[in-house]
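Structural features, examined
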Amino acid sequence: MSILNDIWNRIARKPDRRKAAVTETSGTENRVYAVVTEEGVMLFSDTPKGMKARNSYLQHLADGFFNVTKVPETLRIYEIDLPTKRVAGLADNCIEKLSKADLRSTDGQLRRSVVNFTSDKFADRSVLDGGVCRAKFDLRPDFHNFDRLTKEFGLGISPRNYDVAALLYISENGYAGIVAADKVHPFSYEYEFRELAEKLGDSMRARMNAPLSAHDFGYAALQKEAKEMAADLLQSEFHITDGEFRLGARISRTERMEMSHPVSYPYSEEEQTGGLPETHYRQEAPEQRMFDSQRQVKHAASITPQKKEKKQLIL
């Protein structure tokens with residue numbers, strides 16, 4: 001259970017702001033980093049503001065990690081030690097208004113500045129000439145891909161992404177006694193697993209009371225059911241099957257709610273910026289706007305229907 005607990009704690013962890021803040025900030029100020037996806041190339045200087053802008057962009061990508069409409073499937077980070085004047089001039093162009101409070105803060109991201117990650121801020125791939133690829137990340141909707149990206153850069157995890165990551169883990173490994181109330185986010189689908197969790201608890205107690213028995217008291221069958229239930233929820237709610245986005249015939253509960261309540265943007269401006277009205281992320285698509293509102297610990301709640309009252313369960 002210690003391995004499982006470590007994985008769950010990794011999903012629920014608070015972001016390591018110190019790690020994100022000091023990542024690759026000790027190089028020369030002439031150095032430029034390029035974050036490359038299928039959408040284009042974003043350039044950042046090797047300065048405190050540049051690294052915070054880069055981490056903010058990576059947070060933006062993490063927030064949209066499980067968005068069915070997203071484009072990027074791979075992410076590469078290039079290091080350009082001797083950039084041309086043109087390349088150096090394109091670095092940090094996503095920052096439209098820099099807040100001095102961000103420069104004074106030890107936070108690894110730009111929280112109060114105005115940054116823009118729309119397509120006009122991307123550079124063409126010619127800027128990569130002479131650059132060296134230092135890291136590559138798979139952005140396909142898989143638990144391990146998401147865990148690696150968020151862990152590597154100390155990124156925050158929204159409630160929605162937490163739910164998807166938890167379901168992905170269960171679909172692969174079985175039910176592990178989901179998250180306690182004192183974690184960053186409660187598990188929204190705990191009610192669906194309540195009866196199964198109770199049966200698993202009975203099975204585990206029976207196994208402990210009969211350590212010499214070769215019988216598993218239905219444990220394997222229950223875990224198979226948990227995996228299938230998680231896989232079904234991933235497809236019906238998030239259109240994810242075997243680590244790929246696949247649109248199904250069924251309508252998810254979120255889509256049903258949007259159809260019955262056709263309000264395009266249910267959040268206030270403060271909620272869209274994670275409780276910090278001075279911080280602004282601009283997106284091109286309305287779908288992406290929802291993900292960027294769910295940042296770090298302060299964020300708007302996921303759009304989910306009302307459920308029956310449920311208790312937190314720990315096996």
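Just so it is clear, the structure is predicted and the values come from calculations on it, not from any experiment.

**Looking at the environment of G174**
- Relative to the assigned elements, G174 resides in the loop between α7 (159-173) and α8 (194-209).
- C-alpha of G174 to C-alpha of K227: the two residues are 53 residues apart in sequence and 5.3 Å apart in space.
- Those residues in contact with G174 that lie beyond four places of it in its chain are Y169, Q223 and K227.

**Focus on the nonpolar core**
- Counting residues in hydrophobic clusters, the biggest one holds 51 residues, and the most contacted among them are F44, Y57, L75, L149, L167, F187 and F193.
- Looking at this core, the elements that each hand over two or more residues are β1 (32-37), β2 (40-45), α3 (48-63), β3 (74-80), α6 (143-153), α7, α8 and α9 (219-238).
- A total of eight residues in this core trace back to one element, the largest contributor, which is α7.
- If you look at the next biggest cluster of nonpolar residues, it comprises twelve residues, including A34, V41, A91 and V127.

**What to know about the packing of α7 against α9**
- Between α7 and α9, whose axes approach to 7 Å, the crossing angle comes to 140 degrees. By the angle between their directions, the pair α7 and α9 is classed as oblique. Here α7 and α9 pass one another in a crossing that is left-handed. Here R160, V164, L167, L168, I170, S171, E172 and N173 of α7 lie close against α9, whose contacting residues are A226, K227, A230, A231, L233, L234 and F238.
- Looking at the contact of α7 with α9, its residues break down into ten nonpolar, two polar and three charged.

**A few points about α6**
- All buried positions along α6 are accounted for by F143, N145, F146, D147, L149, T150 and F153.
- Of the residues flanking the end of α6, it is G154, one or two places downstream, whose phi is positive at about 60 degrees.

**Overview of unusual backbone geometry**
- One non-glycine residue, H239, lies in positive phi territory at about 60 degrees.
- Note on placement: H239 falls in the loop between α9 and β7 (240-241).
- For H239, a relative accessible area of 7% puts it in the buried group.
- The backbone of D242 sits at a positive phi, close to 55 degrees, despite the residue not being glycine.

**What about the pairing of β1?**
- Counting buried positions over the six residues of β1 gives six, a clear majority of the element.
- Two elements, β1 and β2, share six bridges in a ladder whose sense is antiparallel. Within β2, the position partnered with Y33 by the bridge is F44.
- Here β1 folds back onto β2, and the loop between the two strands holds two residues.
- Examined bridge by bridge, β1 and β3 share five bridges and lie antiparallel to one another. Paired with V32 across the two strands is I80, which belongs to β3.

**What about α9?**
- With 20 residues, α9 extends 28 Å from end C-alpha to end C-alpha; this agrees with the ideal 28 Å at 1.5 Å per step.
- What α9 keeps buried is the set L222, Q223, A226, A230, L233, L234, Q235, S236, E237 and F238.
- The first or second residue beyond α9 is H239, which carries a positive phi of 60 degrees.

**Topic: the sheet that holds β1**
- The sheet built from four strands is open, its strands ordered β2-β1-β3-β6 with antiparallel pairing. For this open sheet the edge positions go to β2 and β6 (132-138), each flanked by a neighbour on one side alone. Averaged over neighbouring strand pairs, the angle between their axes works out to 20 degrees when direction is ignored.
- Most of the contacts of α6 go to β6, to which it runs at about 130 degrees, and overall it touches β3 and β6.

**Remarks on the confidence of the model for the protein chain**
- Confidence along the protein chain averages 78 in pLDDT terms, with 67% of residues attaining 70 or more.
- Low pLDDT (under 50) marks residues 21-27, which in the prediction has 13 contacts with non-local residues, meaning those over four places away or in another chain.
- Counting contacts from residues 259-315, a segment whose pLDDT is below 50, to residues more than four positions away or on other chains yields 138 contacts.

**Observations concerning the pairing of β3**
- Most of β3 is tucked away, with six of its seven residues classed as buried.
- As paired elements, β3 and β6 share six bridges and run antiparallel to each other. Note on β6: the bridge partner recorded for I77 is A135.

**A few points about the packing of α8 against α9**
- Packing of α8 against α9 brings their axes to within 10 Å, and their N-to-C directions diverge by 155 degrees. When the axis of α8 is compared with that of α9, the two are roughly antiparallel. As for how α8 packs across α9, the hand of that crossing is left-handed. Contacts between α8 and α9 involve L196, K199, L200, S203, M204 and R207 from the former and Y219, L222, Q223, E225, A226 and M229 from the latter.
- In terms of residue class, the contact of α8 with α9 is built from seven nonpolar, two polar and three charged.

Conventions we followed
Residues numbered from 1 in each chain as written. Predicted model: local features only at pLDDT ≥ 70, side-chain atom pairs only at ≥ 80, totals over all residues. Heavy atoms only, no water. Helix = DSSP H or I, 4+ residues; strand = E, 2+ residues; numbered from the N terminus. Contact = heavy atoms within 4.5 Å. Core = buried A, V, L, I, M, F, W, Y, C linked by side-chain atoms within 4.5 Å. Buried < 20%, exposed > 50% of the residue type's maximum accessible area, 1.4 Å probe, protein only. Axes fitted to C-alpha atoms, helices over the stretch in contact; angles between N-to-C directions. Parallel < 35°, antiparallel > 145°, perpendicular 65-115°, else oblique. Left-handed = near helix turned anticlockwise from the far one by under 90°. Nonpolar A, V, L, I, M, F, W, Y, C, P; charged D, E, K, R; others polar. Pairing = 2+ DSSP bridges. Expected span 1.5 Å × (residues − 1). pLDDT = per-residue confidence, 0-100.

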